[in-house]
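One-letter residues, chain by chain:
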Amino acid sequence: MQWQQQTCLLTGATGGIGQAIAKALANKGVSLILQGRSESRLQELSNSLSGEHKILVADISTLQGREKTCLVAELNAISMLINNAGVGQFSLLEDTEETVIVDTLETNLLAPILLTQELLPLLQKAGLQQPAPSYLVNVGSTFGSIGFAGQSIYCASKFGLRGFTEALYRELADTNVHVSYFAPRATATSINSDQAMAMNKALGNNVDSPESVANALIQQLETGHARQFVGFPEKLFVKINGAFPHIVDKALFKKLPIIKRFLRREKDVEQTAQEALS
Ligand SMILES: NC(=O)c1ccc[n+]([C@@H]2O[C@H](COP(=O)([O-])OP(=O)(O)OC[C@H]3O[C@@H](n4cnc5c(N)ncnc54)[C@H](OP(=O)(O)O)[C@@H]3O)[C@@H](O)[C@H]2O)c1
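Everything quoted here is computed from the prediction, not taken from an experiment.

Caption draft 1: Geometry of the sheet that holds strand E4 (residues 80-83). Sheet architecture is open: seven strands sit in the order E3-E2-E1-E4-E5-E6-E7, paired in parallel fashion. Every other strand in the sheet has two partners, leaving strand E3 (54-57) and strand E7 (227-229) as the edge strands with one partner each. Geometrically, the sheet is characterised by an average inter-axis angle of 15 degrees between neighbouring strands, direction not taken into account. Two elements, strand E6 (residues 177-183) and E7, share three bridges in a ladder whose sense is parallel. Within E7, the residue paired with Tyr181 across the bridge is Arg227. Each of strand E5 (134-139), E6 and E7 touches helix H5 (residues 152-171); the most contacted strand, E6, lies at about 155 degrees to it. Against the sheet, helix H7 (residues 210-223) engages E4, E5, E6 and E7, with an angle of about 150 degrees to E6.

What follows is the structure, given as structure tokens:
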């Protein structure tokens, strides 16, 4: 892996996992375009990294934000695209606002697809020019392989992203663009609400640090694996769910009362916050 020759557009760079990935890549000598929606947080991140990097303020769920993102990526001739930006959802479908459904699918699924389509010619060109391939990484989730109660829309977005990535991996197998899917399990970042984190604790779910997740991504890029599921036993559950979903159904049915307890609390917290605002 010739890290120092890479110029990488990292979406969601200001998030928990994004910051850790940015740091790990900067330490390897990669030039970064750090994308997010908050200029001050992007600047602060950039200042904290070794090397010279650019910041890009854009909302990728909008056409204008994606156009700006692609323009900056083209001007800087990126050779690596990491679609990492994402939003979470922790609610029963019946309690989920339409705006949340649309925003989750736009940010987690539609935006990575459209950015990839627009930037693919650039990645193909970069892959031809340098001796090493160019890289596309889509950040999915364990919940891109296992449907989980209270996260139906998030699961839909990540299942979609996994399917998109796998198809593209096979479509581009005869090119110099290396496509990979990276799926963390629960990680300690602000994408998870307090109630979601409390549920993870009650269920005994493992929670990784963003730094260990970033290290796993670096490892995946170095080994060239097309798919990486972070953490054991989650990577085993992914396989079992694929082959024998009824086994995972039964295990998760048993956990449903606990999951619903935290979903009810989340709803109460949101209602209280809304009442305070009105
Ligand atoms: N944490 C976990 O438990 C976990 C587990 C599996 C997979 N993942 C995946 O890992 C990725 C990173 O998540 P994280 O845990 O680091 O979450 P996070 O801390 O909440 O960060 C999310 C990042 O995405 C950016 N973002 C969100 N909506 C955006 C938009 N419309 N336009 C541009 N940027 C936007 C945020 O930017 P702003 O600063 O502007 O908000 C932020 O930089 C996501 O794809 C997530 O689904 C996370």
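Caption draft 2: Structural view of the layout of surface pockets. In this structure, the second largest pocket occupies an estimated 180 Å³ of space. Gly16, Gln19, Ala20, Lys23, Ala24, Asn27, Leu45, Ser48, Leu49, Glu211, Ala214 and Asn215 are the residues that line the second largest pocket. Secondary structure elements with two or more residues in the lining of the second largest pocket: helix H1 (16-28), helix H2 (39-48) and H7.

Caption draft 3: Representation of a positive patch on the surface. Taken together, the side chains of Lys260, Arg261, Arg264 and Arg265 present a region of like positive charge at the surface. Here Arg265 is to be found in helix H9 (residues 245-277). Among the residues examined, Arg265 registers a relative accessible area of 38% and is labelled partly exposed.

Caption draft 4: Region of the structure containing the pairing of strand E1 (residues 7-10). Of the two faces of E1, both are covered, the one formed by Thr7 and Leu9 as well as the one formed by Cys8 and Leu10. Across four bridges, E1 lies against strand E2 (residues 31-36) in parallel orientation. When the sheet's bridge partners are listed, Thr7 is paired in E2 with Ser31. Each parallel crossover has a hand, and for E1 linked through H1 to E2 it is right-handed. Pairing geometry for E1 and E4, over three bridges, is parallel. If you follow Leu10 over to E4, its bridge partner there is Ile82.

Criteria and cut-off values
- Here the residue index of a chain counts from 1 through its sequence in written order.
- Side-chain atom pairs in this predicted model are given and counted only at pLDDT of 80 or more, local residue features only at pLDDT of at least 70, and totals for whole chains, interfaces and linings cover all residues.
- The side-chain figures draw on all heavy atoms in the structure; neither hydrogens nor water molecules are used.
- When DSSP finds at least two bridges between two strands, those strands are taken to pair.
- By the criteria applied, helices consist of DSSP H or I runs no shorter than four residues and strands consist of E runs no shorter than two, each listed in order from the N terminus.
- Axes here mean lines fitted to C-alpha atoms, for a helix over just the part in contact, with angles spanning 0 to 180 degrees between N-to-C directions.
- It only takes one pair of heavy atoms within 4.5 Å for two residues to be counted as in contact.
- For cavity detection a 1 Å grid was placed over the protein atoms alone, and a set of points counts as a cavity when a 1.4 Å probe fits there but cannot get out; an open set counts as a pocket when protein lies on both sides within 12 Å along at least five of seven lines, with lining residues being those that have an atom within 4 Å of a point.
- Grid points are joined across faces, edges and corners, and a volume is the space filled by probe spheres set on the points.
- Like charges are joined within 9 Å and nonpolar side chains (Val, Leu, Ile, Met, Phe, Trp, Tyr) within 5 Å, but only among residues with over 30% relative accessible area and no salt bridge; these make up the patches.
- Shrake-Rupley sampling with a 1.4 Å probe provides the accessible areas, and residues are treated as covered by the protein chains on show and by no other component.
- By convention in these notes, a salt bridge is any Lys or Arg side-chain nitrogen within 4 Å of a carboxyl oxygen on Asp or Glu.
- When charges are tallied, Lys and Arg are placed among the positive residues and Asp and Glu among the negative ones, while His and the ends of the chain are skipped.
- In this description, the location of a charge corresponds to atom NZ of lysine, CZ of arginine, CG of aspartate or CD of glutamate.
- For every residue, the accessible area (1.4 Å probe, protein chains only) is compared with the maximum for its type, and the residue is labelled buried under 20%, exposed over 50%, or partly exposed between those bounds.
- By the criterion used throughout, a crossover qualifies as right-handed when its path from the first strand across the helix to the second strand runs clockwise, the strands pointing away from the viewer.

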